[in-house]
Amino acid sequence: MEPPPPPGIRVRLWMDDPPAYVTDPLLGPNLFSVEVSHQGSFFGFGANLEYLNDSISVFDNLLIDEWSNAKVDEILSYLECRRDEKVHVYWMYPGKSLYEGLMPLVTEAHCIEMRRATALDKSLAIFVDHSNWVRIIRSDIILTRPAFAVHEPVAARQARTDGGQGSVAAQSTSIVVAHEPGEECDQSHVADSDSSSGSDWCDSDYDAHAGDDDLFLDNVDIDVNDNNERIPIDDNEDEAALDDTDLNLQQGERDLLLAKMNAFNPEVDMDRPILKRGLQFANIEEARQALNAYIVRERVKIRRIKNDRTRLHAVCDVGCPWYMRVGFDLRRSGGFVITQYEGNHRCEKVYEMRVLTAAFLAKQFIQEFRDNQKMDLTTFATKVQREYHILPDRWKLGRARKAALLEIHGNEEAQFAQLREYGEELKRSNPGSTFLLSTNKVPVPGTDEVKEHLATMYWSYDACKRGFLAGCRPLICVDGCHIKTRYKGVLLTDVAIDPNDCIFPIAMGMVEVECKSAWEWFLQTLKDDLNITNTSHWTIMSDRQKGLILAVEKVFPEAEHRFCVRHLIQNFQKAGHRGETLKNNLWAIARSTSIPKWEKSMEKMNADSKEAYMWVEALDPKSWIKAFFSDFCKCDMLLNNHSEVFNSYILPCRENPVLSMLEMLFYKAMNRNLSKQRDGAKWHGRICPKIKKKLDKLEEWSLNCIVSPGGDHKFSVLAHELERSYCVNLSLKTCDCNRWQLTGIPCHHAIACCRLDRMTPDNLVHPCYTVEAYNRAYGFNLAPLRGRIFWPKVNAPPVLPPLFTKVMGRPKKNRRKAPEEKLVKGKIVFTKAGGQIHCSICGRPGHNKKGHMKFMQSLAEDQQNGIIGEDQDFDMPEILQNLFPQTPDERLDPSVRHDHMVYMMRQEAAAHAPFDVVQEPLPESQFVVAARESMPQGAARMTTATTEGRARMADSGRGRGRAGRSAETARGRGRAGISAETARGRGRGRTLGPAKSTRNVGKKRAADASTSGTAGQNDDAATGNIQRTGYRTGPGSVYYMLFGDDRQPSSVPDLNDQCNEDMNIGEEPLDFNNFLSL
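Here the structure is a predicted model, which is why all the values come from computation and not from measurement. (Residues numbered from 1 in each chain as written. Predicted model: local features only at pLDDT ≥ 70, side-chain atom pairs only at ≥ 80, totals over all residues. Heavy atoms only, no water.)

## Thoughts on unusual backbone geometry
One non-glycine residue, Gln39, lies in the positive phi region at around 60 degrees. The exposure class of Gln39 is partly exposed, given its relative accessible area of 45%. For Lys733, which is not glycine, the phi torsion reads 60 degrees and is therefore positive. On the basis of relative accessible area, Lys733 is assigned to the buried category, the value being 18%. (Buried < 20%, exposed > 50% of the residue type's maximum accessible area, 1.4 Å probe, protein only.)

## Focus: the side chain of Asp462
One can find Asp462 in helix H18 (residues 462-471). Overall, the relative accessible area of 16% leaves Asp462 in the buried class. Side chain to side chain, Asp462 and Arg466 meet in a polar contact 2.9 Å long. Apart from residues lying up to four places away in sequence, Asp462 is in contact with Pro431, Gly432 and Ser433. (Helix = DSSP H or I, 4+ residues; strand = E, 2+ residues; numbered from the N terminus. Polar contact = N/O pair within 3.5 Å; in protein donor to acceptor, adjacent residues only side chain to side chain. Contact = heavy atoms within 4.5 Å.)

## Things to note about the sheet that holds strand E24 (residues 734-735)
Strand order across the open sheet formed by four strands is E21-E22-E23-E24, with antiparallel pairing between neighbours. Of all the strands in the sheet, just strand E21 (705-711) and E24 have a single pairing partner and so form its edges. As paired strands, strand E22 (residues 714-719) and strand E23 (residues 725-729) are joined by five bridges and run antiparallel to one another. Each bridged residue has a counterpart across the sheet, and for Ser716 the counterpart in E23 is Cys727. Where helix H30 (residues 748-756) meets the sheet, it contacts E21, E22, E23 and E24, and its direction lies at approximately 65 degrees from that of E21. (Pairing = 2+ DSSP bridges. Axes fitted to C-alpha atoms, helices over the stretch in contact; angles between N-to-C directions.)

## Some words on the packing of helix H28 (residues 689-701) against H30
Packing of H28 against H30 brings their axes to within 8 Å, and their N-to-C directions diverge by 75 degrees. Taken together, H28 and H30 sit at an angle that is classed as roughly perpendicular. The segment H28 lies against H30, with Leu695, Leu698, Glu699 and Trp701 engaging His748, Ile751 and Arg755. (Parallel < 35°, antiparallel > 145°, perpendicular 65-115°, else oblique.)

## Points about helix H14 (residues 377-388)
Because the α-helix completes a turn every 3.6 residues, residues three or four places apart line up on one side. Taking 1.5 Å of rise per residue, twelve residues should cover 16 Å, and H14 covers 16 Å from first to last C-alpha, within 8% of that figure. Among all positions in H14, only Leu377, Phe380, Ala381, Val384 and Tyr388 are buried. For H14, the angular spread of buried residues about the axis comes to 100 degrees, placing them on one side. Exposed and oriented more than 90 degrees from the buried face of H14 are Thr378 and Arg386. Looking at the buried side of H14, the elements it contacts are helix H11 (284-298), helix H12 (358-364), helix H13 (366-371) and helix H15 (394-409). (Expected span 1.5 Å × (residues − 1). Arc of directions from axis to C-beta.)

## A short note on the nonpolar core
Counting residues in each nonpolar core, the largest one holds 86 residues, and the members touching the most others are Leu419, Tyr422, Met457, Trp459, Tyr461, Phe468 and Met510. Element by element, the count of residues in this core is highest for helix H27 (residues 658-682), at eight residues. Setting aside residues up to four positions removed in sequence, Leu419 forms contacts with Phe435, Leu437, Leu454, Met457, Val658, Leu659 and Leu662. Residues Phe281, Leu291, Ile302 and Ile338 belong to the second largest nonpolar core, which totals 46 residues. (Core = buried A, V, L, I, M, F, W, Y, C linked by side-chain atoms within 4.5 Å.)

## Digging into the sheet that holds strand E8 (residues 123-129)
Spatial ordering of the open sheet is given by E1-E5-E2-E8-E6-E7, a layout of six strands whose pairing is mixed. What marks the edges here is a single partner per strand, and that holds for strand E1 (10-13) and strand E7 (102-104). Looking at each pair of strands side by side, their axes are set apart by 30 degrees on average, direction ignored. Bridge count for strand E2 (residues 31-38) against strand E5 (residues 55-63) is seven bridges, and the pairing is antiparallel. Each bridged residue has a counterpart across the sheet, and for His38 the counterpart in E5 is Ser55. Across the sheet, helix H2 (residues 69-78) is in contact with E1, E2, E5, strand E6 (88-92) and E8; its angle to E5 comes to roughly 140 degrees. Running at roughly 25 degrees to E6, helix H4 (residues 108-117) makes contact with E2, E6, E7 and E8 of the sheet.

All we've got here are geometric facts, nothing functional implied.
Written out as C-alpha cells, the structure reads:
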C-alpha cells in the first residue's frame, strides 16, 4: 500500500499539468514545487552528464518559508529513501545544466539557497545519488555556492512578458544576488523595490559569517588545478557583457577583464579558432598555428605579408577584404594581440593549400592514432576528408602517420638507451622476474672509444614462470619470429599449454639472427631460469630447424623432441614427393596411435611410392608419430600451432620500437592473465570448458561401441568391425588404442565402458585438465610498471642499436607464403607466382637450363671467396659468451617440488602404472583339503610316491624300474624269470641282492615294524615272491596309501604330527569298515 503524502503537499506525475503559480508566480508568491529524480544514477562526463533510468515524483504546494532539511527528509521518506554515507541529495540551479549548476543539499544553508532560487523559477529539480557517484567520480562539479551573481527576478520577467501590465513590484528592475551559504541577506527588495535599504545590492562587507572566499578568488588562478595543469575552459564571452552600466567598471578594470576574456586557449580553440580583434596569444608561434588552423578550416588562400619574431600581417586573395595584424601589446597584456582584424571573405574556397602539411595532420589526428595505431591510409584519408573537406595525397598521409607514431612511441634509437632502466623497473615491480641484457663492444674507427651495441636480450615474468610450473604440463613450444622495425632482429619465444589447451607464454628472447648458438643460448638460459636439472620429464615442440635440433640435443639431452608435421610435410614435398595421396598417407602415419595402425599406414605408403616410403622410414618415429610418443606430458599434438598463434598475437608489438614493444608485451600479458583469472572464477565443474567439449564429442562417438564386461573394471570394446576390438582397463586408465594414455582424456572406448559401469567420464580425466589446475596456472598477478620518468637510473654506458646494413626497397613485413598457402576467395589457387624453377641439368632451384653455366660460375666464385652457401649452416658461436653463469639447485627442480605440476604428474603416473602379475602355482583342490582335514591323523608311510621315499628306495637299490632284474630276484606283481634286458611288470618290483640279503632285510624290517610303522617282509625262496605282511592297519596308513607324503616343507600343516599321541598304531589291528564309520 502506497504511503500517504506529507500533509499539505500534493504529489503528481511529471507529465500532469503543473499548478498555476508555476507559470504565473503572482498567483502563489510563497509557493513552489520540486521535481525529485530518484532510483537512477549519474552517467557521463563534462557537458554530457546525465541522470539516467530515473523515476520522477513532483511535489507541489511547498511553502518557501518552511523549506528546510526536515521537509527534505519528509519527502525522501515518502519515496522510501534515506540520506546516509552512500545516498546524497543534490539540487540544480535554475537555468543551468547538471554540469554547471549541481549543488549539494545537506545543511540548512543549502535550503536557504533553494529559497532564494525560487525567485528565479517556481519549479526546482532535486536528484538523489544512490551510489555516491558524484562525490567519488566527479566531485569537481559540485558547487558550494551559485556561480552567477546577477539574475532577473521571476516577477519582473513575468511583468515584462505581460507587456508592462502589473503592480509596481512586478515592474521593478531589482536584482537578486546569490550569496554564500549561510549568509542572511534581506530579500524584501524581491517583493518591494522601495524598501528602506535604498540599494539593489546586499552589503556583506560587515557580515560576521562571511568567509575568506573573496581572498581565494583574488589570489588564486582558478584555471589551474592542484597538479599545476591548466584546465581547458571554453571562455568565449561576448564583449557586450562588459558594457552593462550597472557594473560601473572603470576603463582600466574593463580593459583587464577584456584581455582576460580574449585569451587564446590552444587546447580548446586550436581545433576551430575564432579570430577577432583583441585576441591574445602567448607567443608569435601560437598565433601562426592558429592562423594555419583557420586557413585549413575555412579553406581560404591567405598570404603572410610580414612574418617575423614580433609581428604577423596576413591578407587574403586579391579582391577579398579579409586581413589580420598581430603585434606585441606591452601596455595591457604583455603578449601578442590581434590589433587589426577584418573577418569577411569574398573569395572562393580552395582545395589545395600549403599549410596542410604532414606535421599539421599528425598534430590534429594524434589522438586517433593513439586509439588505433594500425589505422591504414584509406581510413586516415576518410577521416581527413570528413573533417576538413580536403583529400591530401597518400604520400602526405603516410608521412603524417609516421610523424604521429613517432610522437607516440618516441625516437627508436633513444629507446635502446633505456633498456637497462626498463629491466630494473621490471625487477622492482615484479620481484622474481628475469631481465638479462648483453652487448657487443664495437670500437669507433680512428678513436679509442668503444660503444656497446645490443647483442642478446632475455626476459621473463615471475607470474608466468610460477603459473607455468604450478599448473601447466611439461611441454614447451619454441619458435622464432622476425621483428619488423628498422633494426630488425629475431624474437625467440617459449610457449606452454594451459589446462584449457590455450597458449601460456613463459619467456622471450631477442637475438640478431636465428642460428644454432642463438638457440643454445636461449634454451640454456631458459633451463637455468626455471631451475631444471632433470630433463627426462620434459617435451620440446619445434619446427625442425637444423640449429634448433642440435641445441635441444645439447641442452635437453633426455627430453623428448617433437617436430611440427606441417613443416615436415613441406620438407617432404620439397624432396619431390608431391601429391595429395602421399600427403594424406604421411598424415595417416603421423596420426597412428598404435603400432598396428602405424604398420598398416606404412604399408600403404610403400605401395603408393617406394621413394616416399624410404624417405619416411629414415626419420625418427619418436619425433612425429603418435604411436611412439611418450605419454607422460599428456599431449598428442602434432602441430606447433600454439607458437604460431602467439606470434600472431604479438604481431602489433613486433612492429613498434624495442622499448614500446617490451611495454606492449608486458601489458598484453598482464591483461590476459587477469582476464583468465576472471574466466576461471566463473567456471563450474571439474574440468575446463574446452576439455568438456572434447569429452562431449567423444561421448557421441562412444554410441557406436559394443562393450563386453570382463570384471574388475576390465572390458572388451568392439568398434565397427571384429579386428578393431580393444581392451579397456578403467583402473589403470588404459586402452589399446593408446589415445587415453597419450592425452589423459578418456577415449570413446573408455567412455562406452563408463556408461556400462555407471561411472562419470569427467572423473577419469587427468588432473592436469581440471579447473583447479587452471586457477593455479593463472593464480599469480603482474604488477603494472611506473611511467618512464620514475624508472631507476642505471650508471652504465648507454645501449646502442644493433649494427645493421640498410637494404634497398621497401621493408618486407609479410611472410613469403608457399603456393599451396595462397587463398583466393577462400580457395587454394596454384599459380606460377611464388614457385621456384629448377634446372634440368643439375636439378638445383633458382635457375633453369639457360642460366646453368652462369650459376655454376657464380657458385665457384663464392666457394673461392669463402662465401657460405644456402645449404650450409650459418652460426655465431660468440653468442654463447653471453650466457650468464647460474647454478641450478637440484632440490628446487620442478620434478621434486610438491607444488609443481611435473611432480603431481609423476605421482599420478606411479599410481596408475601397470604392474607384472606373477602367476603362482595352482592351489590344491579344496575337496582334497577338506578330505584331509576330516581324516584322523596317523604315522606317515614311506612310499615311492614321496620324494623322501624315492630317495631312500634309490639308496637301497629298489624302485619302480622294470629292467635290470634277474630272474632269481624279480619280485612283486611283475613277471618272474625274465632277463634283465626284457624284464617288464606292472607291479612295484624291487631289485634286491642275493636271497640271503633279502631275507636279512625282511627280518630286520619285521623286527622294526613297531617303531618304523612299516611291515616286515617274509620271502619265500621257492616261489621267489616277497610276501608283504605286517602292514599298518590304522586309518593313517590308509590315507598315506592314497595320497602319500613327500616330507617337503609346505604351507599345508603336517597332519601326522600328533598321530602317535592320538592313536596307538601297531598294537591292535583296526578294521577297515570301522575306519570308514569314523
